[in-house]
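Chain by chain, the residues:
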Amino acid sequence: MAPDVERIIQSISLGDQDTVQLLLDSYNTQFRKNKIRDCPPNFDSDIDSDDERPDLLLREDLAAALLCFVSGQLQPAVLRACLHTLRILSRDRRALGPMVTDGALFTLAHQGGIDLLQPCQLHDRSKTEAQWDRTQIHRAEASGCQGAADADVKCAVSFSVPTKEVCVSTTNGSDRHFYKQRGNEGHLVLAPGKKDAGEEDSEKDRKEEDGEVCRKEAMKVLCNLIYNSPKAQERASALRLLQGLWESLKQGIWSTAPPTGQFYKRRLLFLLTALRPELRLQLQQERGVLVLTTPLEQYLSLRWAEGHQLITDSTAPPISKEVSQDVIEILKTIFNIAHRFYRQEPDEEEAALHCRLVTVLCHCLLLSCDGADMLEELQGHTVNILSALPLTCLDVLLAVPVDQASHKYEGVNMDCVHALLLFMDRRLNRGQKLKEKLTPVLSLLTKSSRVHRETRHYLRQKILPPLRDVAVRPEQDSSLRGQLVRLMTHVDTDVKDCAAELLFVLCKENVSRYVKYTGYGNTAGLLAARGPLDSRRNSGDGQFASHYSSDSDSDTEEYREARSKINLVTGRVEAEQPDPMEGMTKEEKEEEARRLICMINRLSQDQIIQPMGVTADGRLAPLWGQMRGCTEEEDEEEEQDLNSMPGLKDKTIK
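Residues numbered from 1 in each chain as written. Predicted model: local features only at pLDDT ≥ 70, side-chain atom pairs only at ≥ 80, totals over all residues. Heavy atoms only, no water.

*Asks:* Could you clarify how one ought to interpret the overall build of the protein in this entry?
*Replies:* Within the protein one finds 27 helices and 12 strands. Here the protein holds 654 residues, and the buried ones make up 47% of them. The contacts in the protein between residues at least 6 apart in sequence include a share of 71% that link residues at least 24 apart. By element, 49% of the accessible surface of the protein is carried by carbon and sulfur atoms, the whole surface being about 33400 Å². (Helix = DSSP H or I, 4+ residues; strand = E, 2+ residues; numbered from the N terminus. Buried < 20%, exposed > 50% of the residue type's maximum accessible area, 1.4 Å probe, protein only. Contact = heavy atoms within 4.5 Å. Areas by Shrake-Rupley, 256 points an atom, 1.4 Å probe, with all protein chains shown as cover.)

*Asks:* For this particular structure, what's the right way to read the confidence of the model for the protein?
*Replies:* Do not read the fine detail of predicted coordinates wherever pLDDT is low. When pLDDT is averaged along the protein, the result is 77; 72% of the residues meet or exceed 70. Across residues 43-47, where pLDDT falls below 50, the model places two contacts with residues more than four positions away in sequence or in other chains. (pLDDT = per-residue confidence, 0-100.)

*Asks:* How do you make sense of the nonpolar core when you look at a structure like this?
*Replies:* Most often, soluble globular proteins keep nonpolar side chains buried together rather than apart. Counting 141 residues, the largest nonpolar core has Leu268, Met424 and Ile463 as the members making the most contacts within it. Beyond its immediate sequence surroundings of up to four residues, Met424 is in contact with Leu438, Val441, Leu442, Leu445, Ile463, Leu480 and Leu502. (Core = buried A, V, L, I, M, F, W, Y, C linked by side-chain atoms within 4.5 Å.)

*Asks:* Sorry if this is basic, but what is going on with the packing of aromatic side chains here?
*Replies:* With the rule as written, the count across this model stands at three aromatic pairs. With 5.8 Å between their ring centres and 70° between their planes, Tyr409 and Tyr458 make a pair best called edge-to-face. Pair noted here: Tyr409 is in strand 7 (residues 408-409) and Tyr458 is in helix 20 (residues 453-463), with a separation of 49 residues, a long-range link. Pairing Phe504 with Tyr514 gives two aromatic rings, centres 4.8 Å apart and planes at 55°, and the pair type is tilted. Residue Phe504 is found in helix 22 (residues 493-506), and its partner Tyr514 is found in helix 23 (residues 511-518); the two are separated by 10 residues along the sequence. (Phe/Tyr/Trp six-rings, centres within 6.5 Å; stacked < 30°, edge-to-face > 60°.)

*Asks:* Please explain the layout of surface pockets as it appears in this structure.
*Replies:* Regions of empty space are outlined by a rolling probe, equal in size to a water molecule, passed over the atoms. Roughly 1100 Å³ of volume is contained in the second largest pocket. As for the second largest pocket, its lining consists of 44 residues, and the residues nearest its centre are Thr312, Asp313, His363, Leu366 and Leu367. Of all the secondary structure elements, the ones that give two or more residues to the lining of the second largest pocket are helix 13 (288-300), strand 6 (309-310), helix 15 (348-365), helix 16 (372-388) and helix 17 (415-430). Taken together, the residues of the lining of the second largest pocket sort by class into 23 nonpolar, 16 polar and five charged. (1 Å grid on protein atoms, 1.4 Å probe; cavity = no way out; pocket = protein on both sides within 12 Å on 5 of 7 lines; lining within 4 Å. Points joined across faces, edges and corners; volume = space filled by probe spheres on them. Nonpolar A, V, L, I, M, F, W, Y, C, P; charged D, E, K, R; others polar.)

*Asks:* Please clarify how helix 14 (residues 321-338) should be interpreted in this entry.
*Replies:* For an α-helix the count is 3.6 residues per turn, leaving residues at separations of three or four pointing the same way. Its 18 residues give helix 14 an end-to-end C-alpha distance of 25 Å, which sits within 8% of 26 Å, the value for a rise of 1.5 Å per residue. Most of helix 14 is tucked away: 13 of the 18 residues are buried. (Expected span 1.5 Å × (residues − 1).)

*Asks:* Explain unusual backbone geometry to me, please; I cannot follow it from the model alone.
*Replies:* Leave glycine aside and you will find that most residues have negative phi; peptide bonds, for their part, are mostly trans. Residue Glu410 is not a glycine yet carries a positive backbone phi of 55°. Here Glu410 lies in the loop between strand 7 and strand 8 (412-413).

*Asks:* Looking at this structure, I do not really get a nonpolar patch on the surface. What am I missing?
*Replies:* A cluster of nonpolar residues, Met612, Val614 and Leu620, forms a patch on the protein surface that exposes about 240 Å² of accessible area. Turning to its location among the elements, Leu620 is positioned in strand 12 (residues 620-622). (Patch = residues over 30% accessible without salt bridge, like charges linked within 9 Å, V, L, I, M, F, W, Y side chains within 5 Å. Salt bridge = Lys/Arg side-chain N within 4 Å of Asp/Glu carboxyl O.)

*Asks:* Would you mind going over the environment of Leu445 with me for this structure?
*Replies:* Along the chain, Leu445 falls in helix 19 (residues 439-451). Given the relative accessible area of 1%, Leu445 is considered buried. Placed 10 residues apart in sequence, Leu445 and Thr455 show a C-alpha to C-alpha distance of 8.3 Å. In this structure, Leu445 is in contact with Leu420, Met424, Leu459 and Leu502, ignoring residues within four places of it in sequence.

*Asks:* Just to check I follow, could you spell out the pattern of salt bridges for this structure?
*Replies:* For the structure on display, the rule yields 22 salt bridges. Notably, a salt bridge pairs Arg481 with Asp477, separated by 3.4 Å at the nearest N-O pair. Each of Arg59, Asp92 and Arg94 takes part in salt bridges that share partners, so that together they form one network.

*Asks:* I'm lost on empty space enclosed by the protein in this one. Help?
*Replies:* This structure, assessed with the given rule, holds three cavities of 30 Å³ or more. What the largest cavity holds in volume is close to 80 Å³. Leu467, Asp469, Val470, Val472, Arg481, Val515, Lys516, Tyr559, Ile566, Leu568 and Gly571 together form the lining of the largest cavity. By residue class, the composition of the lining of the largest cavity is seven nonpolar, one polar and three charged.

*Asks:* Explanation requested: the packing of helix 12 (residues 277-285) against helix 14 in the structure shown.
*Replies:* Angle between the axes and distance between the axes are the two parameters that describe a pair of packed helices. Where helix 12 meets helix 14, the closest approach of the two axes is 8 Å, and the angle between their N-to-C directions is 95°. Looking at the two axes, helix 12 sits roughly perpendicular to helix 14. Here Arg280, Leu283 and Gln284 of helix 12 come into contact with helix 14, specifically with Thr333, Asn336 and Ile337. Grouping the constituent residues of the contact of helix 12 with helix 14 by class yields two nonpolar, three polar and one charged. (Axes fitted to C-alpha atoms, helices over the stretch in contact; angles between N-to-C directions. Parallel < 35°, antiparallel > 145°, perpendicular 65-115°, else oblique.)

*Asks:* What exactly am I supposed to notice about the packing of helix 13 against helix 15 here?
*Replies:* Between helix 13 and helix 15, the shortest axis-to-axis distance is 11 Å and the interhelical angle comes to 30°. Looking at the two axes, helix 13 sits roughly parallel to helix 15. Crossing hand, helix 13 versus helix 15: left-handed. Together, Val289, Leu290, Thr293, Leu296, Glu297 and Leu300 of helix 13 and Leu353, Arg356, Leu357, Val360, His363 and Cys364 of helix 15 make up the contact between the two elements. Among the residues forming the contact of helix 13 with helix 15, the class breakdown is eight nonpolar, two polar and two charged. (Left-handed = near helix turned anticlockwise from the far one by under 90°.)

*Asks:* Sorry, what's going on with the environment of Ala575 here?
*Replies:* The topology assignment puts Ala575 in the loop between strand 10 (572-573) and helix 26 (586-605). Sequence-wise, Ala575 and Lys565 are 10 residues apart; in three dimensions their C-alpha atoms are separated by 9.2 Å.

*Asks:* Even after reading the chapter, I still don't get helix 26, so can you show me in this structure?
*Replies:* Along its 20 residues, helix 26 runs 29 Å from first to last C-alpha, staying within 8% of the 28 Å computed at 1.5 Å per residue. Buried within helix 26 we find Arg595, Cys598, Met599, Asn601 and Ser604. Gln607 sits one or two positions beyond helix 26 and adopts a positive phi of about 60°.

Set out below in structure tokens:
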């Protein structure tokens, strides 16, 4: 690979665009076969082997040369090949040095159609150009032709600031390029000028298409740099890249033409708001949610009736993959801006904005897409936003007219709730990345069940139907209830708490009912954390008890018959076990109890266990004072008793 890179750099220094294009096309094709592996963010460049170091330096030199080259006047095909190579180089975190300077970011932003006017750009550009000049001088000295090389560099690779005269913007947002012959060198270069008289409309369309492809390539390079380099993130924030990007996106949003060619700009907007907290706050202050809701409605072709109601078309075809991808990028950015809203109480204007957004999100839940995976991803980002919005906005979930409902319950449209339930079921069955994929929908259903009686009744009917089979442990059941109960003992605390909280709310925070459906062993964690560990405490003692109605829990005939035989700890009817105290006298039973207490006391003194009890308010408390009934003499007697017990002889309790 090294000779190819050397030749590319030499051709760039000579300004031979045709040769540069051929070599870059070959280099890009070679890369597809032997890709440069991404390095982890904490990769230590000092451990690079001696064999890899020259290649890294060459890639850095190539990146610096290309950045100088693309700032000049190039043929569209050459510019596209250069930007493609830069995109390849931007994936290697070890060779990003020349690409994360202010001048490089400015050049790429300009090539991507983003206007940045910064006074510091010329100073930084001179630094990048100086690096390129030093590279050329070193190479020229090695080849013995320093003077010729320097002359070529100065005339062919000048780092001039791009101006509007180079790329004239047309009404549809694309760039129109003009060409002229460059001396006798036999190749074309870009230059401002008038359109040739014999140029066809098809040629104009081709140029506009080339300009759009180049802008996309430049945006891909910026996305890679922002994702891979913290320095690029910092400099992009300092250069006010977000402002230029935001203005460019708003021009496309308010344009009368259909929204096209904005995907990678939205991807860059998502990365900036995801990685820089100050940019999230800035976009929130500029009413980013309101602005981004507009293209969301445009892509989905939404029509509004009176009263903020959507006009839906049940015969509409599934949305295409391209539209789905654009919608997903918008949703991801909206979440970055809106995820702080749940901590704030919205004013009247914000509440109206949020309600309109939730109406659009409800439509997203009910969409059909080309491909199940695309639909799953779109619904996932929709759920993320819904879970981050204030509780007052969730009323819209049930505000869809009931005459359009496919699922009704108690006279309310349950289509959105049913879609959320199916989405939760799919995520449960997949069982992958539960914290990222499952907890948002669990949290959303919990919040909605607390404030909407109809939602809680519907979900309880689907998740906690009346018990019939009491011979199976709750966590061994294959139903939705069993899947959620299994999560109550998950190793991830967030997953465990979200699953337990949803079931607890569906039981109206009634401890007895909660234990009935899940078993005391599974519920102990949540009850210990919340306080009502004593299952004798009845329902409605929770924080949101006033939200729950007084409807009773109807028991089936099978449950009433087996109720007295159910083990509250396991939640099922256990097989009868022989009485271990059978045949023992009262004195033997007392002696066995005393020895058991002494063993527990010994374990607690060695800090192996900590005996706990339930206080009057249902919380756990240590029993240190209550477990110290053994005197020093009893301890010696206890030691003798323990040594005489079968199975414990010659063993030490640690």
